[in-house]
Amino acid sequence: MTAACIASLLASAPALRIRLQHPGRRRLLTHTVNALGWLFGVLFVAISGGASAANPAHAVNAGAAPAQGARFPIQTGVWTHALSAYQAAKYPANFTHFDYVNPNAPKGGRMRLANPDRRTSFDKLNPFSIKGVAPAAMEMFVFERLGTFSMDEPKAMYGLLAEAMYVEPDMSAISFRIHPRARFSNGDPVTPADVVDSFNRLKGKLVLPTYASAVAGATSVVATDTKTVRITLKERTIDAIFAIGDVPIFSKKWGDGKPLSDIVLEQPIASGPYTIDSMSMPSRFELKLNPDYWARDLPVRRGHFNFERVAYRMYKDRDVTREAFKAGEFDIMRELGARAFARLHKGPKWDSGQIIKKAWPIETGSMLQAINLNLRLPRFQDIRVREAIMLAWDFENYNRIGTFTRANSMFNNTPFAAEGEPSIAELVLLEPFRGSLPKAVFGPAFRAPRNDLHPNALRENLKRAAQLLSEAGWKIADDGKLRNAKGEAFSIEFLEPSATGRFVEFERNLKILGIEYKERLVDFALYRKRLETFDYEMVIIVEGKFTLPNPSTIKKIYGSAEADIPASNNYRGVKSPVVDALIEKISSATTMEELIAASRALDRVVMWNHWQIPMLFTKFESTSYWNKFGIPDVKPRYFQIDSLPDVHSLPWPLWTWWDKSLGVTAPSQSK
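Residues numbered from 1 in each chain as written. Predicted model: local features only at pLDDT ≥ 70, side-chain atom pairs only at ≥ 80, totals over all residues. Heavy atoms only, no water.

Digging into the overall build of the chain
No. 1: For the chain, the count of helices and strands is 20 helices and 32 strands.
No. 2: When burial is assessed residue by residue, the chain has 53% of its 671 residues classed as buried.
No. 3: Surface summary for the chain: the accessible area is close to 28,500 Å², and the carbon and sulfur share equals 54%. (Helix = DSSP H or I, 4+ residues; strand = E, 2+ residues; numbered from the N terminus. Buried < 20%, exposed > 50% of the residue type's maximum accessible area, 1.4 Å probe, protein only. Areas by Shrake-Rupley, 256 points an atom, 1.4 Å probe, with all protein chains shown as cover.)

Below you can see the structure in the form of structure tokens.
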């Protein structure tokens, strides 16, 4: 029994919880819980004879609950069909299909799509090299991985090219046993030698960092026999394991073995469901379903890839794209602009039901989208100043349409976001650092002050901001400007790469406080350079999606070691021993309970230090689509509409919907 488990039990006693509000009692509890955890750990090992995931005699069978010893949050020491973090995989070894597909969906028809991202043309078919632009479809439909992720589990990888996976008891390596039916588009079997070659070529020069960094997590890739490849890991983490399983695999014959940087228009020799049928560079191409697709009857692929053809047309401008969709040139459009979705996705074709408009709820987590304050600047090192600036941000006015949700956490839309008062398990982690933390960390979870609760809400928040600035030594001078004891005026420059004038209310509120607000519009090349050299005062950063907190990602954003490294992602300049320690707790968590406690503790520290102005996130995928699709009855928890496959979400509509005009033979419903 771990200290976190004992703390969880103690937390269930309300009377005890009340008595523990006194700081001295909490410190006593910390030492007591740690001692009890150590004692119970010793007793458990003695009673069980040292049984753990490292002891093969006690390894569980494939498909059973993970053999989670005292050290690792993933199943180790046994060949298995699936690897799941912190909990057993949902689907057993004998499962027939994922819940969110129609296993009997008809095959046929044509799905027409537009470019899902900023790519407006293509000049190559190789998606891995830096030079040139390849269609996003290559990664979605042509190349496959050793494993594939479930869309209704936080982080679970099921074998695809690999029929089984084996993690060493000490998590030093992972082995994949290649499925005997796995074939490339040219009919060749997929072999361990192809896996080794893929990893080696993805390590080459001029490979996109997305792929190069993933394979960099492997120190060696070796074929141990005719069916098996073993990959040793640089870091013994679950994130490294999932990253390795998500590396795309291709035939060593592709491009006659040339470096990836030299492969441009050669038809990929890959194992995916589609191949290129025709193309008209730079804007049109069409994929055709491979009739001999090797994995069509596998449980992880049954009910997937139901269109015989997938046609892409790439557009230069978002407004043109939207008009082309209305004209029926393509079938599905994910709208990224909240106002555009509210105002422009309507009209006679929506009214008649020809086009369906839907905001699909998702459970994918959103890290912060926030205005980051550069803590390297002296005036932002005072927490009172940072809080005052946060109080001037008027989210409710900015969100007049009601599309967004206010971000109150670094782990939005997930159970890892702090809630209410700290749990006992959280206090165990936070108490040793009490003297260096804001008092608010030990109270209710952060919630940004609202400006819509009553008519004077904004006025009261700005009064509080003015008081904080005054306490920090900033006073309104005779000229109406906020100045410090040296007479220096308080001004803020907002660095912007796309457009100015978006935050009129913020500028107005800062002016009321006596702060001069400036916007500096720069081209993207200069914007990126200034980010790399930390040459800014305030800048908006979007930290991305997730299903489980990734300690490697969090360390890059908040870790002290990154703060002074040029081009790092620690844009705020955070240097906090508390944060570093809590990131390590997240990294070393072996149960979901430990992960939640460490994540919520870190969330409290980050949010109550006001290192940023939290902005917003969305719980939906905003979409319009022509009413031609059959849609599975069950919606997954984690998905995207048409973006690139990722460890946290896959393109559910593109992969599992079908042409409803073909009929359906399974208990599923067209929508």
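More follows now that the structure is in view.
A short note on a nonpolar patch on the surface
No. 1: Taken together, the side chains of Val264, Leu265, Met279 and Met281 define a hydrophobic patch exposed on the protein surface, amounting to about 310 Å² of accessible area.
No. 2: Note that Leu265 resides in the loop between strand 11 (248-249) and strand 12 (274-280). (Patch = residues over 30% accessible without salt bridge, like charges linked within 9 Å, V, L, I, M, F, W, Y side chains within 5 Å. Salt bridge = Lys/Arg side-chain N within 4 Å of Asp/Glu carboxyl O.)

Focus on the confidence of the model for the chain
Fine structural detail should not be taken from predicted coordinates in areas where pLDDT scores are low.
No. 1: In this model, the chain carries an average pLDDT of 89, and 88% of its residues clear a pLDDT of 70 or more.
No. 2: Here residues 1-70 is modelled with pLDDT under 50, and outside its nearest four sequence neighbours on either side it reaches 87 contacts, counting other chains as well. (pLDDT = per-residue confidence, 0-100. Contact = heavy atoms within 4.5 Å.)

Topic: the pattern of salt bridges
No. 1: Taken as a whole and judged by the stated rule, the model has 39 salt bridges.
No. 2: Salt-bridge contacts for Glu144 lead to Arg301; the nearest nitrogen and oxygen are separated by 3.5 Å. Of this pair, Glu144 sits in strand 4 (residues 144-145) while Arg301 sits in the loop between strand 13 (284-289) and strand 14 (309-313); the two residues are 157 residues apart in sequence, bridging distant segments of the chain.
No. 3: According to the relative accessible area criterion, Glu144 is buried, its value standing at 2%.
No. 4: The exposure class assigned to Arg301 is buried, which follows from its relative accessible area of 5%.

Brief notes about the packing of aromatic side chains
No. 1: Counted according to the given criterion, the structure contains 48 aromatic pairs.
No. 2: A centroid spacing of 6.4 Å and a plane angle of 85 degrees characterise the contact between Tyr293 and Phe305, whose relative ring orientation is edge-to-face. Taken together, the positions of Tyr293 in the loop between strand 13 and strand 14 and Phe305 in the loop between strand 13 and strand 14 put the pair twelve residues apart, joining distant regions of the chain. This pair shows no difference in class: Tyr293 is buried, exactly as Phe305 is.
No. 3: Between the aromatic rings of Trp360 and Trp657, the centroid separation amounts to 5.8 Å while the plane-to-plane angle is 50 degrees, which identifies the pairing as tilted. One end of the pair, Trp360, is in strand 16 (residues 355-361); the other, Trp657, is in the loop between helix 20 (652-656) and strand 32 (658-659), and 297 residues separate them in sequence. Here the two residues Trp360 and Trp657 agree in accessibility, since each one is buried.
No. 4: Chaining the aromatic ring pairs together yields one cluster made of Phe307, Trp360, Tyr625, Phe629, Phe639, Trp652 and Trp657.
No. 5: Over the ring of Trp79 we find Arg177, and its NZ or CZ is 4.6 Å from the ring centre. (Phe/Tyr/Trp six-rings, centres within 6.5 Å; stacked < 30°, edge-to-face > 60°. Lys NZ or Arg CZ within 6 Å of the ring centre and 35° of its normal.)

Some points on the sheet that holds strand 10 (residues 228-233)
Within a sheet, adjacent strands bond to each other through the backbone by hydrogen bonds, running parallel or antiparallel.
No. 1: Spatially, the five strands line up as an open sheet ordered 1-7-8-10-9, and their pairing is antiparallel. Where the open sheet ends on each side, the last strands, each with one partner, are strand 1 (79-80) and strand 9 (218-223).
No. 2: When strand 8 (residues 173-178) meets strand 10, the two strands line up antiparallel, connected through five bridges. Each bridged residue has a counterpart across the sheet, and for Arg177 the counterpart in strand 10 is Thr228.
No. 3: Packing against the sheet, helix 5 (residues 192-202) makes contact with strand 8, strand 9 and strand 10, and its axis sits at approximately 155 degrees to strand 9.
No. 4: Sitting on the sheet, helix 7 (residues 238-245) is in contact with strand 7 (162-167), strand 8, strand 9 and strand 10, with an inclination near 30 degrees to strand 8. (Pairing = 2+ DSSP bridges. Axes fitted to C-alpha atoms, helices over the stretch in contact; angles between N-to-C directions.)

Side note on the packing of helix 17 (residues 551-558) against helix 18 (residues 577-588)
No. 1: Taken N-terminus to C-terminus, the directions of helix 17 and helix 18 make an angle of 170 degrees; their axes are 9 Å apart at the nearest point. Classified by the angle their axes make, helix 17 and helix 18 are roughly antiparallel. For the pair helix 17 and helix 18, the contacting residues are Pro551, Ile554, Lys555 and Tyr558 in the first and Val579, Asp580, Ile583, Glu584, Ile586 and Ser587 in the second.
No. 2: Tallied by class, residues from the contact of helix 17 with helix 18 come to six nonpolar, one polar and three charged. (Parallel < 35°, antiparallel > 145°, perpendicular 65-115°, else oblique. Nonpolar A, V, L, I, M, F, W, Y, C, P; charged D, E, K, R; others polar.)

Description of the pairing of strand 7
No. 1: Within strand 7, five of the six residues are buried, which leaves it mostly tucked inside the rest of the structure.
No. 2: Relative to strand 7, strand 1 runs antiparallel, the two sharing two bridges. Residue pairing across strands places Trp79 opposite Tyr166, the latter belonging to strand 7.
No. 3: The pairing of strand 7 with strand 8 spans five bridges and is antiparallel. Bridged to Met165 within strand 8 is Phe176.
No. 4: What sits between strand 7 and strand 8 in their antiparallel hairpin is a turn of five residues, with Met171 showing a positive phi close to 60 degrees.

Some details on the sheet that holds strand 14
No. 1: Strand order in this open sheet of four strands is 3-14-13-12, and the pairing throughout is mixed. Every interior strand has two partners, whereas the edge strands, strand 3 (110-114) and strand 12, have only one. Put simply, the sheet's adjacent strands are angled 20 degrees from each other on average, direction ignored.
No. 2: Pairing analysis gives five bridges linking strand 3 to strand 14, with the strands arranged parallel. Residue pairing in the sheet places Arg112 in a bridge with Ala311 of strand 14.

Section: unusual backbone geometry
Trans peptide bonds make up the majority, and among non-glycine residues the majority have a negative phi.
No. 1: Cis geometry is adopted by the peptide bond preceding Pro282, which originates at Met281 and carries an omega value of 10 degrees.
No. 2: Within the secondary structure, Pro282 sits in the loop between strand 12 and strand 13.
No. 3: In this structure, Met171 takes a positive phi of about 60 degrees despite not being glycine.
No. 4: Structurally, Met171 can be placed in the loop between strand 7 and strand 8.
No. 5: Here the phi dihedral of Ala567 falls at roughly 70 degrees; this positive angle occurs in a residue that is not glycine.

A short note on the side chain of Glu537
No. 1: Mapped onto the elements of the fold, Glu537 is located in the loop between helix 16 (524-532) and strand 24 (538-542).
No. 2: In terms of polar contacts, Glu537 uses its side chain to reach the side chain of Arg379, at 2.8 Å. (Polar contact = N/O pair within 3.5 Å; in protein donor to acceptor, adjacent residues only side chain to side chain.)

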